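Each chain is listed here by its residues.
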2 protein chains.
Amino acid sequence: MLTDRQLMILQVIIDDFIDSAKPVGSRALSKKDTLPYSAATIRNEMADLEESGFLEKTHTSSGRVPSEKGYRYYVDHLIGPEIHQHGLGIIEKLTNNGIYEFEQIVQTAAEALSELTNYTSIILGPEMFEATVKQIQVLALSDQSAVAILVTNTGHVEHRSFTLPTGVSSSDIEKLVNILNDRLYGVALYKLPEVIQNEVASLMMRYMNGVDSSLNWIRTLFTQEQAVKLYFGGKANILMQPEFNDVDRIRSFYALMEREDEIVNLLKNSNQGIKVSIGHENEVEEIKDLSLITASYHIGGGQMGTIALIGPTRMEYKKVLSLMQAISKEMTGAMGKWYGDKS
Amino acid sequence: MLTDRQLMILQVIIDDFIDSAKPVGSRALSKKDTLPYSAATIRNEMADLEESGFLEKTHTSSGRVPSEKGYRYYVDHLIGPEIHQHGLGIIEKLTNNGIYEFEQIVQTAAEALSELTNYTSIILGPEMFEATVKQIQVLALSDQSAVAILVTNTGHVEHRSFTLPTGVSSSDIEKLVNILNDRLYGVALYKLPEVIQNEVASLMMRYMNGVDSSLNWIRTLFTQEQAVKLYFGGKANILMQPEFNDVDRIRSFYALMEREDEIVNLLKNSNQGIKVSIGHENEVEEIKDLSLITASYHIGGGQMGTIALIGPTRMEYKKVLSLMQAISKEMTGAMGKWYGDKS
DNA sequence: GTTAGCACTCTCTTATTATGAGTGCTAAAT
DNA sequence: ATTTAGCACTCATAATAAGAGAGTGCTAAC
């Protein structure tokens, strides 16, 4: 439906606009040596491309700007696979001293991604529903307070401080910890509340005194929702984009960035691979004029998180896509290697 | 040096400007029933106040705007103590189920502070140099990887994952943990590297095999600087201030907010109590047109952190000062209570 | 099918001209 | 000796007008 020449022109226009952010006109195009046609010819083709919906004008006599349909076509057909070299080795550098700091790896990756692109990157920590309990420990800090620590098989550590119910002795705690470890070892986090309710409760009744109150806080302790953590990289970098030259635009963007649960929903990327959402393809009002790219990474054991990048629809898709592919692979590699799961 | 009437006028002008952000003129002032003088009289007084440096004009024929000296005088002499009622109970609500989540308390406080003021709040986590080791644990996750957990007497939990040096058996780990707990219990965090070097090293030499490599990673493990954590509240709220109606202003502000170490330096508030830095009183270029208020809070055991609020020099000092006093007290209360230290 | 030529459109910049809030100063009023 | 009214003057801001420039669409020639 599109001639080769039209495709070629479309590509050049989009490349140019991505680079300059200014509507591109026929004269300027014909001067480029990539297109050996006169301005008039190009004008005709552009008119056709506009009619087919791939281009738009900002006003009657302006140059052309890619439409969302144009970008979509560009992303789907016009950019070849081009593996990106930059950014590789970022994570390796962090882990090659043998110390593996999940938070630090993710944070660094997010910052690198943003730095290399000048867009805003967001990384979603892995969902930990499926991680299982490796060890539970309760450590008294004083007569009244204690800290409970839970380690998962993936090496994540959750901890929570709390006040000890009155009348709980240190031997009680010891018993409790034994019961918990005995019964909860290997249990997936999402099953915890249920298992506590069904198995642990009765055991506690049998072997401990003053259980009623204790049971309550144990439940609270482990029922706290395991919120997915967000790691932002360079929220300020996106301000360099000319699209953000408007104060209200900035306001609405930053306001959205603070509504973390909405962001989480936005990013949850159940399907594998890389997904590109251009402009109105996004559900959320505030980014209907932006593009969102998400990619998943895996930490093994079926757990995964999401890497995302938000920028203007006029995004350097070529660069970004290969970069995200690289980083997602790198993260999956680093994490997977970590605990031997080669999934 | 200033007459009562001048003081009164100064106060009204500042109050008005804080509220409206617009230069205040003599006509408008004389209409207010607080000042029973004609516009001309007020003009004369304003001219005097300008000569003494308390007021400024934005251009020859504009209304007056408080100078930094004016704000300074206002803060030092013109606002009485007025305990703020809002915001109290925020933290109590979080802790009264017996669960004490340090991060959550601080984060909530920061958000509340920003929400109530529409400025940007930053809370510095406590410096933990003086916290002491309560327990150290190393938990193997697989043949190759393990996680080390350190709990302090204040209930903070630090953890780090790492790859096990080859040739380290699980009995080695057990020995190691015993040595570490034996020697490091009660040792302040800032002394850790030293103590490890002097005491632990020799013991390890004596009782363990293949120590050379192990020692190295243990040192790395605990030498990682204990970075002070920053908690931001509502970075977007400050955008509501008319002072931030300029894109470049926003850019430079957010750029600063990402240079976390600079922020930490800026906020470290060694002296007790509340400190107000107005405009050029600040060292950092990017906030020479803003005001910074810092207050310290204590978590007991001599450890403390800092609460800070950044807003335009045209800040609601009255409200902000009492509010910060309240929150700082509330946090100190909640935390101090926590582990029985009533310092 | 391609291109040169030309009239036309629309934005953006710059210059010009009000408009109005506010000041400083002088002279009259209290 | 203060206080106040009156008035000329200043400067920022808003509104209007006039060009300049880039780009388009269409027609006619190549």
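Residues numbered from 1 in each chain as written. Chains lettered and ligands numbered in written order. Predicted model: local features only at pLDDT ≥ 70, side-chain atom pairs only at ≥ 80, totals over all residues. Heavy atoms only, no water.

## A short note on the overall build of chain A
Helix and strand content of chain A: 12 helices and 11 strands. Here chain A has a C-alpha radius of gyration of 27 Å; the compact-globule value for 343 residues is 20 Å, and the former is much larger. Principal-axis analysis of the C-alpha atoms places the extent of chain A at approximately 90 × 40 × 35 Å. Just so you have it, chain A exposes about 15,600 Å², and 48% of that area is on carbon and sulfur atoms. Between the mean site of the 32 positive side-chain charges and the mean site of the 44 negative ones, chain A shows a separation of 3 Å. (Helix = DSSP H or I, 4+ residues; strand = E, 2+ residues; numbered from the N terminus. Rg over C-alpha atoms; globule rule 2.2 N^0.38 Å. Areas by Shrake-Rupley, 256 points an atom, 1.4 Å probe, with all protein chains shown as cover. Lys, Arg positive; Asp, Glu negative; His and termini not counted. Charge placed at Lys NZ, Arg CZ, Asp CG, Glu CD.)

## Some thoughts on the relation of the copies chain A and chain B
Superposing chain A onto chain B takes a rotation of 180° combined with a translation of 0.0 Å along the rotation axis, leaving an RMSD of 0.1 Å. Both copies of the chain, as the preceding transformation shows, are related through a two-fold rotation axis. Ranked by how close their C-alpha atoms come to the rotation axis, the residues of chain A are headed by A:Val247, at 3.0 Å. Mapped onto chain B, 100% of the interface residues of chain A are again interface residues, and the two copies thus contact each other with one and the same surface. (Least-squares fit on C-alpha atoms with pLDDT ≥ 70 in both. Contact = heavy atoms within 4.5 Å.)

## Comments concerning the protein's contact with DNA strand D
What surrounds DNA strand D is a group of 20 residues, the closest being A:Ser26, B:Arg5, B:Thr41, B:Thr60 and B:Ser61. When the atoms of DNA strand D within 4 Å of the protein are grouped by moiety, sugar and phosphate amount to 75% of the total. Within the contact set of DNA strand D, a phosphate oxygen lies 2.9 Å away from a side-chain nitrogen or oxygen of B:Arg5. Within the side chain of B:Arg43, an N or O atom sits 3.2 Å from a base oxygen of DNA strand D. Among the secondary structure elements, those contributing two or more residues to the surface near DNA strand D are helix 3 (39–51) of chain A together with helix 3 (39–51) of chain B. Residue classes in the surface near DNA strand D are distributed as three nonpolar, 12 polar and five charged. (Near = heavy atom within 4 Å. Polar contact = N/O pair within 3.5 Å; in protein donor to acceptor, adjacent residues only side chain to side chain. Nonpolar A, V, L, I, M, F, W, Y, C, P; charged D, E, K, R; others polar.)

## Notes on the interface of chain A and chain B
How big an interface is tends to be expressed through the accessible area that disappears when the partners come together. Across the boundary between the two partners, chain A contributes 43 residues, which contact 44 residues of chain B. Taking both sides of the interface into account, the surface hidden between chain A and chain B amounts to around 3,800 Å²; carbon and sulfur atoms contribute 58%. Connecting chain A to chain B are two salt bridges. A salt bridge links A:Glu101 to B:Arg160; its shortest N-O distance comes to 3.4 Å. Seen at the junction of chain A and chain B, the total is 12 residue pairs in polar contact (both at pLDDT 80 or more). Those elements that provide at least two residues to the side of chain A that touches chain B are strand 3 (99–100), strand 5 (133–140), strand 6 (145–152), strand 7 (157–163), helix 9 (211–223) and helix 10 (247–258) of chain A. For the side of chain A that touches chain B, a count of residues per class yields 21 nonpolar, 15 polar and seven charged. (Buried area = accessible area lost by both parts, 1.4 Å probe. Salt bridge = Lys/Arg side-chain N within 4 Å of Asp/Glu carboxyl O.)

## Structural notes on the sheet that holds strand 7 (residues 157–163) of chain B
One open sheet holds the four strands; their spatial order is 3(A)-7(B)-6(B)-5(B), and the pairing between them is antiparallel. Sheet topology places strand 3 of chain A together with strand 5 (133–140) of chain B at the edges, where each strand pairs with a single neighbour. Pairing geometry for strand 3 of chain A and strand 7 of chain B, over two bridges, is antiparallel. Each bridged residue has a counterpart across the sheet, and for A:Tyr100 the counterpart in strand 7 of chain B is B:Ser161. (Pairing = 2+ DSSP bridges.)

## Remarks on the environment of A:Pro193
Residue and element names in this part refer to chain A. Relative to the assigned elements, Pro193 resides in helix 8 (residues 192–207). A residue is classified by how much of its surface remains accessible, and Pro193, at 28% relative accessible area, is partly exposed. Put simply, Pro193 and Ile263 are 70 residues apart on the chain and 27 Å apart in space, counted from C-alpha to C-alpha. (Buried < 20%, exposed > 50% of the residue type's maximum accessible area, 1.4 Å probe, protein only.)

## Section: the domain arrangement of chain A
Taken domain by domain, chain A holds domain 1 (4–78), domain 2 (90–127 + 228–338) and domain 3 (133–223). Centre-to-centre, using C-alpha coordinates, domain 2 of chain A lies 36 Å away from domain 3 of chain A. (Domains from an automatic or database assignment.)

## Some words on the protein's contact with DNA strand C
By nearness alone, 20 residues border DNA strand C, and A:Arg5, A:Thr41, A:Thr60, A:Ser61 and B:Ser26 come closest of all. At the protein interface, 75% of the atoms of DNA strand C within 4 Å belong to sugar or phosphate. A:Ser38 places a polar main-chain atom, nitrogen or oxygen, 3.2 Å from a phosphate oxygen of DNA strand C. A:Thr41 is positioned such that a nitrogen or oxygen atom in its side chain is 2.4 Å from a phosphate oxygen of DNA strand C. Counting residues per element, the ones that place at least two in the surface near DNA strand C are helix 3 of chain A together with helix 3 of chain B. Across the surface near DNA strand C, the residue classes tally to three nonpolar, 12 polar and five charged.

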